[in-house]
Amino acid sequence: MLHKPASPEKEDLAVPYKTRLGLQMFFFYASIYAGFVIINITKPILMEKTIIFGLNLAVVYGFGLIILSLIMALIYNYLCTKAEKAAKGEN
Amino acid sequence: MSALPVILFLFFVGLVLGLSFFFARKANSASGYFAAGGNIHWAVNGIAFAGDYLSAASFLGICGMIATLGYDGFLYSIGYLAGWIVALFVVAEPMKRLGKYTFADALDAKFNSRGIRLAASISTLIVSLFYLIPQMVGAGVLVTPLLGLPHAVGVIMVGAIVITIVATAGMTSTTYVQFLKGGLLIIFSTILVIALSARGLTTTPNKSYEFQVLVAEVGPEKVIVQDNDYEYLSQHETNGKIFIALSNAKESISWWKLETNENGEAILRESQYTSTKADGSKWINGALASDENQLLQVGNLSKIAGKSGPEADTGSVGIFEFLSLISDKDSTIQLWKKVNFEKDGENLTIYYPEQISGNLFMRPGQKFKVEGSFVDRIDFISLMLALFFGTAALPHILIRYYTVPDTASARKSTIVAIAAIGFFYILTLFMGLGAMVNGVLNPADGNMSAPLLAKSFGVFLFAVISAIAFATVLGTVSGLIVAASGAVAHDFMDMFLKIKMTDKEKVLAGKITAVIVGIIAVILGIIFEGMNVSFLVGWAFAVAASANLPAIIMVLFWEKTTSQGIVASISVGIVAALGIILLSPDMYVRYGLDSTSAPFSFSQPGLFSIPISFITLILVSLMTQKSKNVNRETSNL
């Protein structure tokens with residue numbers, strides 16, 4: 001049996017750019033996620049502090065991490081799609 | 001029992017099976033069976049990702065954990081979702097570019113190594129089985145109240161339906177089942193949260209029974225109750241808590257927890273209990289257990305922002321107000337905990353209420369002791385690490401990258417998944433807290449919190465939510481079994497054993513594996529009855545993150561990675577993660593041993609097993625550079 005992807009596609013010249021961008025965005029998000037963990041183990045009482053709309057930091061940070069992931073995913077997709085179009089132009 | 005739940009249940013199961021038979025014709029080729037021919041639209045695949053991911057652990061387990069432990073349950077939601085960032089930014093596109101049917105294809109793309117195939121197929125089987133057990137347990141939990149059938153029947157039923165689905169149509173039908181179920185789960189959970197917000201908060205959600213509080217006097221030998229209806233029988237101290245047995249005029253025995261109230265007076269809080277007598281008979285709250293005599297449903301706020309009784313009723317509230325009122329420092333939540341002990345030959349389990357203020361309940365600390373010892377904090381860090389890195393290493397998630405036509409579709413479907421899953425996880429906080437404050441909790445089993453919350457809004461919502469939850473189990477189990485059968489038929493038989501098979505024979509091998517894995521899952525689902533469904537899934541993440549993720553990351557980003565390094569990393573990751581889990585205090589409790597005698601004092605392995613796996617890969621790869629160069633020169637010749 002041939003060892004190749006189930007659906008072959010053309011060479012993508014935007015790969016190095018997308019890989020670099022993905023790693024940068026990953027480290028950015030990971031640092032914010034790490035912030036959540038660090039606050040919890042060092043100053044857990046801070047999580048009780050009311051931030052906005054009567055919600056405490058634990059809820060705001062938790063919801064924030066979920067919403068941030070979607071915003072970053074959309075930005076990533078926009079930049080990747082733009083790079084892919086530019087790369088196709090070069091092709 | 002109402003006929004509606006049964007009709008809706010049969011409708012959903014019929015729909016799922018109908019889809020399977022409809023798509024059966026697409027599953028003749030290996031590509032069709034294992035990867036749906038790579039033709040699924042990214043939007044459908046994205047919702048199917050959500051369907052795969054929002055398993056029994058998410059819907060039943062997380063909601064149940066939030067309902068019984070507060071914010072700590074929501075940590076799972078945060079971690080599970082954050083894991084998709086690793087999947088999107090690091091893994092999605094390269095996995096799609098390099099793979100074919102399984103993640104082992106991507107790992108092995110540069111090496112053509114039989115060792116990698118063997119290690120990857122073993123790790124896929126282990127992770128899939130870890131993930132399968134709670135799904136099967138969840139099926140049993142659902143079927144009991146929905147259809148009035150025993151746990152084992154529910155598990156066997158899921159096994160039989162899933163084997164039929166997977167053995168007929170493979171990944172295509174699994175994808176559409178997941179799409180349908182993922183979509184419906186999100187829609188009906190949203191309806192449930194809107195209904196919850198419209199109902200508002202009250203301190204007396206359960207009108208049928210109010211648990212009593214008695215004033216008492218602690219004497220030197222016994223507790224004197226200031227209520228002539230009750231007579232002191234005995235007392236028992238366990239874990240620093242004192243429980244008092246009283247008998248009433250009908251000579252029925254009840255158990256109470258001794259406490260001191262804010263005025264310094266001794267009070268007794270009415271508890272519930274189950275007991276198993278020497279003759280094996282099971283008793284609940286002083287009478288024989290039966291369909292009519294079950295534990296009473298519990299869970300309520302005893303104060304809302306300092307108020308109690310009718311003046312505390314809020315009426316309809318906004319979603320933020322709902323959360324802020326529960327997290328208020330002047331709100332008090334009545335949580336139900338349990339303790340086991342033996343007394344006079346009886347095996348007793350006491351379910352007792354405990355008061356906790358809202359500000360403490362709505363931040364980490366009830367399950368994961370973030371203010372506790374160093375070891376307690378290790379458990380918390382380990383869990384957050386395993387959840388973050390586990391998603392991108394789950395075999396049944398990774399195979400879904402091969403069902404779409406190209407890398408852009410893989411990326412876009414991940415983003416749809418993040419949107420759908422993220423939205424659902426925000427809902428879990430409301431559903432869990434809603435179950436906690438609405439008097440619907442079964443104190444013996446938190447897994448049914450979300451469906452029982454739905455039941456408090458009427459049988460229709462309960463029936464729909466339960467049927468969707470059952471379909472959730474069906475879909476996730478199907479996905480896991482396809483992943484396991486791919487690992488055996490493609491990675492193990494074809495690539496490792498080098499058995500020459502035609503495309504059709506390969507599909508047949510996959511289907512036979514699906515049947516065998518399905519039967520094993522049914523047996524395990526029956527054995528593990530009563531286990532918390534989120535618990536084992538957390539471990540499945542830890543094993544996946546330790547065994548698979550270091551290999552995936554390093555093969556993508558470190559040129560010196562060798563096939564020997566990958567094999568060693570996967571093997572060490574599995575052994576380290578499983579070793580810590582099996583020798584942890586939590587498992588010692590399950591073995592019936594003293595938890596303090598466990599060799600490890602923590603239960604979450606990620607903080608140690610993930611770095612150990614990374615280090616092993618680096619060291620072994622550096623030691624085997626020579627063989628890599630020799631291989632490269634040979635292939636150049």
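Residues numbered from 1 in each chain as written. Chains lettered and ligands numbered in written order. Predicted model: local features only at pLDDT ≥ 70, side-chain atom pairs only at ≥ 80, totals over all residues. Heavy atoms only, no water.

**Q** Give me the lowdown on the overall build of chain A, citing residues and values where you can.
**A** Looking only at helices and strands, chain A features 2 helices and 2 strands. For chain A, the α and β elements follow one another from N to C terminus as α-β-β-α. Taken over 91 residues, chain A has a buried fraction of 43%. As displayed, chain A offers around 5,200 Å² of accessible surface, 69% of which is attributable to carbon and sulfur atoms. (Helix = DSSP H or I, 4+ residues; strand = E, 2+ residues; numbered from the N terminus. Buried < 20%, exposed > 50% of the residue type's maximum accessible area, 1.4 Å probe, protein only. Areas by Shrake-Rupley, 256 points an atom, 1.4 Å probe, with all protein chains shown as cover.)

**Q** Could you give an account of the domain arrangement of chain B, naming the residues involved and the relevant values?
**A** All names here are of chain B. Assigned domains of chain B: these are domain 1 (3-20 + 28-200 + 391-529) and domain 2 (213-295 + 328-361). Between domain 1 and domain 2, the C-alpha centre-to-centre distance is 40 Å. Contacts between the two partners involve 11 residues from domain 1 and, on the opposite side, 6 residues from domain 2. Across the domain 1/domain 2 interface, buried area totals approximately 640 Å², and carbon plus sulfur atoms make up 72% of it. Seen at the junction of domain 1 and domain 2, the total is 0 salt bridges. The tally of links between domain 1 and domain 2 comes to 1 residue pair in polar contact (both at pLDDT 80 or more). Listed by contribution, the elements that provide at least two residues to the side of domain 1 that touches domain 2 are helix 4 (56-69) and helix 13 (407-437). Considering every element that reaches the side of domain 1 that touches domain 2, the biggest residue donor is helix 4, with 4 residues. (Domains from an automatic or database assignment. Contact = heavy atoms within 4.5 Å. Buried area = accessible area lost by both parts, 1.4 Å probe. Salt bridge = Lys/Arg side-chain N within 4 Å of Asp/Glu carboxyl O. Polar contact = N/O pair within 3.5 Å; in protein donor to acceptor, adjacent residues only side chain to side chain.)

**Q** Quick one: what's the story with a nonpolar patch on the surface, residue by residue and with numbers?
**A** A grouping of A:I51, A:I52, A:F53, B:I319 and B:F320 is seen on the molecular surface, where their side chains present a nonpolar patch of about 460 Å² in accessible area. Elements with a contribution of two residues or more to the nonpolar patch: strand 1 (50-52) of chain A together with helix 9 (319-326) of chain B. (Patch = residues over 30% accessible without salt bridge, like charges linked within 9 Å, V, L, I, M, F, W, Y side chains within 5 Å.)

**Q** Any details on the pattern of salt bridges? Residues and values, ideally.
**A** If you walk through the whole model with that rule in mind, you get 9 salt bridges over all chains. Ionic pairing is found between B:R411 and A:E84, a salt bridge with its closest N-O pair at 2.7 Å. Residue B:R411 is found in helix 13, and its partner A:E84 is found in helix 2 (residues 57-90); the two belong to separate chains. Here B:R411 and A:E84 have matching classes, each one buried. Taken together, the salt bridges that share partners define one network made up of A:K18, A:E84, B:E93 and B:R411.

**Q** Break down the interface of chain A and chain B for me, with residues and values.
**A** Frequently, the measure chosen for interface size is the accessible area that the parts lose on association. With 48 residues of chain A in contact, the opposing surface of chain B contributes 62 residues. In total, chain A and chain B occlude about 4,500 Å² of area from one another, counting both sides; carbon and sulfur atoms represent 70% of this. Summed over the shared surface of chain A and chain B, the result is 3 salt bridges. For A:E48, the salt bridge identified is with B:R363, shortest N-O distance 2.8 Å. Joining chain A to chain B, the criterion identifies 10 residue pairs in polar contact (both at pLDDT 80 or more). Contributions of two or more residues to the side of chain A that touches chain B are made by helix 1 (15-42), strand 2 (55-56) and helix 2 of chain A. Here the element with the most residues in the side of chain A that touches chain B is helix 2 of chain A; it accounts for 17 residues.

**Q** Tell me about the packing of helix 15 (residues 459-496) of chain B against helix 16 (residues 503-527) of chain B, residues and numbers included.
**A** All names here are of chain B. The N-to-C vectors of helix 15 and helix 16 enclose an angle of 130°; their axes lie 8 Å apart at closest approach. Taken together, the axes of helix 15 and helix 16 lie oblique to each other. Taken as a pair, helix 15 and helix 16 cross one another with a handedness that is right-handed. Contact with helix 15, carried on its side by I481, A484, S485, V488, A489, H490, M493 and D494, involves K506, A509, G510, T513, A514, V517 and G518 of helix 16 and no other residues of that element. (Axes fitted to C-alpha atoms, helices over the stretch in contact; angles between N-to-C directions. Parallel < 35°, antiparallel > 145°, perpendicular 65-115°, else oblique. Left-handed = near helix turned anticlockwise from the far one by under 90°.)

**Q** I'd like a description of the sheet that holds strand 1 (residues 213-218) of chain B, backed by residues and values.
**A** All names here are of chain B. Spatially, the 6 strands line up as an open sheet ordered 2-1-6-5-4-3, and their pairing is antiparallel. Each of the sheet's edge strands pairs with one partner strand only, and the pair in question is strand 2 (223-225) and strand 3 (231-238). The mean inter-strand angle of the sheet, taken between neighbouring strand axes irrespective of direction, is 35°. Bridging between strand 1 and strand 2 involves 3 bridges; their strand directions are antiparallel. Counterpart to V218 in the pairing with strand 2 is V223. (Pairing = 2+ DSSP bridges.)

**Q** Go over the confidence of the model for chain B with me, naming the residues and quoting the values.
**A** Overall, the prediction assigns chain B a mean pLDDT of 82, with 93% of residues at 70 or greater. Between residues 633-637 of chain B, whose pLDDT stays under 50, and residues either more than four places distant or in other chains, the model counts 0 contacts. (pLDDT = per-residue confidence, 0-100.)

**Q** I'd like to hear about empty space enclosed by the protein, residue by residue, with values.
**A** A full pass over the atoms with the stated rule returns 2 cavities of 30 Å³ or more. Roughly 90 Å³ of volume is contained in the largest cavity. Around the largest cavity sit 13 residues that line it, and A:T19, A:Y76, B:F89, B:E93 and B:P94 are the ones nearest its centre. Within the residue set of the lining of the largest cavity, elements represented by two or more residues are helix 1 of chain A together with helix 5 (71-98) of chain B. Top element by residues in the lining of the largest cavity is helix 5 of chain B. It accounts for 7 residues. Looking at the lining of the largest cavity residue by residue, the classes come out as 9 nonpolar, 1 polar and 3 charged. For the second largest cavity, the calculated volume is near 30 Å³. Every element with two or more residues in the lining of the second largest cavity is listed here: helix 8 (151-199) and helix 9 of chain B. (1 Å grid on protein atoms, 1.4 Å probe; cavity = no way out; pocket = protein on both sides within 12 Å on 5 of 7 lines; lining within 4 Å. Points joined across faces, edges and corners; volume = space filled by probe spheres on them. Nonpolar A, V, L, I, M, F, W, Y, C, P; charged D, E, K, R; others polar.)

**Q** I'd like a description of the packing of helix 4 of chain B against helix 13 of chain B, backed by residues and values.
**A** Residue and element names in this part refer to chain B. Orientation of helix 4 relative to helix 13, taken along the N-to-C sense of each, is 50°, at an axis distance of 7 Å. Judged by the angle between their axes, helix 4 and helix 13 are oblique. Seen along the crossing, helix 4 lies across helix 13 with a hand that is right-handed. Residues S58, F59, I62, C63, I66 and A67 of helix 4 form the contact with helix 13, whose participating residues are F424, Y425, T428, L429, M431, G432, L433, A435 and M436. Looking at the contact of helix 4 with helix 13 residue by residue, the classes come out as 12 nonpolar, 3 polar and no charged.

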